[in-house]
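So the chains spell out like this:
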Amino acid sequence: MPAGAGAQVFVDVSESIRGFASERSVALATLHGPVIEASLSALQVNNPFRRCAVDEDVHCDVPLDVPRLRLPATYHGANSALHRVLRRPPRAPRADLQAPDPLDPWAVTVIVTDGFESSRAPFQPDAPGAVACTAGADPSCLAALLRARVLEGYGVWVGRVMLPFDGRYFAERRLDDAMWSRVQAHAAALDTDPAWNGVRFTASAPSMQGEAGAFRWQGARPLLVFVLSRDVAEGRRLVAEMDRRLRVERLGPRTPTADVSFSEWAPFDGLSATLLGAARAESGGEADDVLVDRPATNAGVFEVPVRCGLHGHATVRLDGALAQGVLAPPAFATVSLRWRAAVESPWFALPTQPLRPVPGPFEALAVVDCRALPAGVRDAAFSLHGEWRVDPSALARQWFVAESADTSFESPEKVFGLADLAGAVVAAGVDRRGDLVRASLHLTRR
C-alpha cells in the first residue's frame, strides 16, 4: 500500500500533561511549533495538515493551535485513548460501511504523549488489538498495535524529550505509606545523582484515597514523540530534522545530549549479499579434472556450471560481497550467516568457513567430488541464509530500556512499561530469517 499524503499530529491532552504546561513556559509551544510543525513544513509533507486532541476519545474537529498548547487548561482529560489512533478498524461487510483507517491516508503521523495507562492486565503483545486493548491504552495494548503496524510495513520511530515539570503525577493505583516512602526516597536520590546536576526533585501532597494515586511532582519528566510512516526515507528525514531543531532549542533542564534521544524501532535494514564469481581454487592432480565455467544469474539464482571426470575432486571458490542498508544495523540487532543446502548432495560440500556479517567482499570455499559418481547431469541448490535476532544485553543499554520504570508510581522521571513496549516492537522489526542469495551448482559428470 503506498504512503498517503500530508501529516497529522495527535496530542495527548490528559491531565497528566498539565505539569509541563505554564503560561510562563514556552516549552510545549516550541515543541509543537518551531520543532514538529516547522519540521513537517521544511520537508513539505504538511499539506494537508491537522492536529488532533486525544483524551478519552480522539478529537480532530476542535481548535488546537500552538498557543493553546502552552495553556494548562488545555490538558484536562481523565486518560488518553492512544489505541484509537493506532488500531485498524474491523473489516466491514461492505466497502461503503468501512470505517477509514486512522493512519493509512496520511504520509506521516506524529503522536505526543507522556506515557501509557497502567493496568494489571497481562502483557500480551502478540494478541489481536481487540484482545490486548481490553484494559485500555496500556503498554501491552500499544505494543500489539505498533507490532501490527510494523508488520504492515510502517516505520516506527520514538523520541524522548526531557522537560521541566511541576504538577500532578498520576500513579494510576492506590498508594499506601510504604509506596509513598519509596517515592520520597527516590526523589531524594535523584537530587544527589550527578546525571541530574542542577535539577531539584520534590514529591509532595499525595492522595492516598482512590485509584489515581496522584501526587505533586516537581523536577522533570519525559515526553515521548512517536513517528509512523510507510515512507521510511521520509520518516527518517523528519526524525533527523526534529532532532536537529530540538538540540538548537534546548528545551530541557540539562543539555540536549542528555535530554533528547531518538531511535528507530522499525524497519530494520539488514544485510544483502551478491555472488560475483566462481572459480577453481586449486590446481594439480585430481583438481585438474574439474572445470568451472563462467557463472550467470538466472531468475535470481547464481548458477555455476561445473564439468568433471571420474577422478575430479576440487575446491571451488565463490566470490561475493555483503552490503548493508541505508542505515547501519542497530546495536541491539545481531545476525548470523550460514550456507544451507536445499537437498543434501554427497558430491557437493557446502562452505564451512565462518562468514562475518560485515559489509565488504567475502570468499567461500565449497568442494566438488566427482569420484565414483556416475556420468550424468545433476544440480545442487544452496543459499546463504541469515537469521536476525535481538541481542538482550545490547537492548538493555538503549535509552528506552534504561529509562523505563518498573512501577507506575516510584519513578516519574521515567516511563512506566516503556521497556516491554519497546522490546515487543523492536522484535517485530528485527526478528527474521531468510536467504540473502540463492545459488545452484550445475554439474556435468562426463
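Reading guide: rules and limits
Residues numbered from 1 in each chain as written. Predicted model: local features only at pLDDT ≥ 70, side-chain atom pairs only at ≥ 80, totals over all residues. Heavy atoms only, no water. Helix = DSSP H or I, 4+ residues; strand = E, 2+ residues; numbered from the N terminus. Buried < 20%, exposed > 50% of the residue type's maximum accessible area, 1.4 Å probe, protein only. Salt bridge = Lys/Arg side-chain N within 4 Å of Asp/Glu carboxyl O. Axes fitted to C-alpha atoms, helices over the stretch in contact; angles between N-to-C directions. Left-handed = near helix turned anticlockwise from the far one by under 90°. Contact = heavy atoms within 4.5 Å. Disulfide = S-S within 2.5 Å. Pairing = 2+ DSSP bridges. Phe/Tyr/Trp six-rings, centres within 6.5 Å; stacked < 30°, edge-to-face > 60°. Core = buried A, V, L, I, M, F, W, Y, C linked by side-chain atoms within 4.5 Å. Expected span 1.5 Å × (residues − 1).

Undergrad: Could you give an account of unusual backbone geometry, naming the residues involved and the relevant values?
TA: In this chain, N47 is followed by P48 through a cis amide linkage whose omega measures 5 degrees. By secondary structure assignment, the location of P48 is in the loop between α1 (27-42) and β2 (49-54). Residue P267 is bonded to the preceding A266 through a cis peptide linkage, with omega at 0 degrees. Checked against the element boundaries, P267 lands in the loop between β8 (260-266) and β9 (271-280). Look at A205: it is not a glycine, yet its phi comes out positive at around 50 degrees. Looking at the secondary structure, you find A205 in the loop between β6 (202-204) and β7 (214-229). With a phi angle near 55 degrees, A299 is a residue other than glycine that sits in the positive phi range. Mapping A299 onto the fold places it in the loop between β11 (296-298) and β12 (301-308). A residue is classified by how much of its surface remains accessible, and A299, at 76% relative accessible area, is exposed.

Undergrad: Please give an account of the pattern of salt bridges that cites residues and values.
TA: Overall, the coordinates contain 34 salt bridges when judged by the stated rule. Between R94 and D96 there is a salt bridge; the shortest N-O distance is 2.7 Å. The class for R94 is partly exposed, based on a relative accessible area of 46%. The partner of R174 in a salt bridge is E211, and the shortest N-O contact between them spans 3.5 Å. Placement of R174 in the loop between β5 (155-170) and α5 (177-191) and of E211 in the loop between β6 and β7 is noted, with a sequence separation of 37 residues between them. Given the relative accessible area of 42%, R174 is considered partly exposed. Accessibility expressed as a relative area gives 44% for E211, which makes it partly exposed. Through salt bridges with shared partners, one network takes in R88, D101, D104, R149, E152 and R230.

Undergrad: I'd like to hear about the packing of α1 against helix α6 (residues 232-249), residue by residue, with values.
TA: Contact pair α1 / α6: the axes reach a minimum separation of 9 Å and the direction vectors enclose 140 degrees. Our pair here, α1 against α6, has a crossing hand that is right-handed. Here α1 contributes T30, L31, P34, V35, I36, A38, S39, L40 and A42 to the contact with α6, which in turn contributes L238, E241, M242, R245, L246 and E249.

Undergrad: Tell me about the state of the cysteines, and name the residues and values.
TA: The term disulfide refers to a covalent linkage connecting the sulfur atoms of a pair of cysteines. The tally for this structure, following the rule as stated, stands at 3 disulfides. The side chain of C133 participates in a disulfide bridge whose partner is C141; the two sulfur atoms lie 2.1 Å from each other. Measuring the twist about the S-S bond at about 85 degrees, one finds the C133-C141 disulfide to be right-handed. Judged by relative accessible area, C133 falls into the buried class, the value being 8%. Using a relative accessible area of 0% as the deciding quantity, one classes C141 as buried. Ordinal numbering of bonded cysteines along the chain defines a disulfide pattern of 1-2, 3-4, 5-6.

Undergrad: Can you tell me about the sheet that holds β9, naming the residues and giving the values?
TA: Reading across the sheet, the 4 strands line up as β9-β13-β16-β15 and stay open at both edges, with antiparallel pairing between neighbours. Where the open sheet ends on each side, the last strands, each with one partner, are β9 and β15 (348-349). Pairing analysis gives 9 bridges linking β9 to strand β13 (residues 313-324), with the strands arranged antiparallel. Opposite L275, over in β13, you have G320 as the bridge partner.

Undergrad: Tell me what's going on with the packing of aromatic side chains, and back it up with residues and numbers.
TA: Counting across every chain of the model gives 16 aromatic pairs. Ring geometry for F116 versus F226: centroids 6.5 Å apart, planes at 55 degrees, classification tilted. Here F226 lies in strand β7 and F116 lies in the loop between β4 (108-113) and α3 (129-132), a separation of 110 residues in the sequence. Pair check on accessibility: F116 and F226 agree, each one buried. Plain terms: the ring middles of W339 and F382 are 6.0 Å apart, the flat faces sit at 50 degrees to each other, and that makes the pair tilted. Linking W339 in strand β14 (residues 333-341) with F382 in strand β17 (residues 376-390), this pair joins segments that are 43 residues apart in sequence. A relative accessible area of 9% places W339 in the buried class. Grouping aromatic residues by their ring pairs yields a cluster made of F116, F226, W265, F332, W399 and F400.

Undergrad: Before we move on, can you summarise the nonpolar core with the specific residues and values?
TA: F226, L228, W265, L384, L418, L421 and L443 are the most contacted members of the largest nonpolar core, which has 78 residues in total. With residues near it in sequence (within four places) discarded, L418 still touches F116, L224, W265, W399, F400 and S404. Counting residues in each nonpolar core, the second largest holds 55 residues, with V11, V13, A27 and Y75 among its members.

Undergrad: Residues and numbers for helix α10 (residues 418-430), please.
TA: The first and last C-alpha atoms of α10 sit 18 Å apart over 13 residues, in line with the 18 Å expected at 1.5 Å per residue. The buried fraction of α10 is high, at 10 of 13 residues. Within α10, the full set of buried residues consists of L418, L421, A422, A424, V425, V426, A427, A428, G429 and V430.

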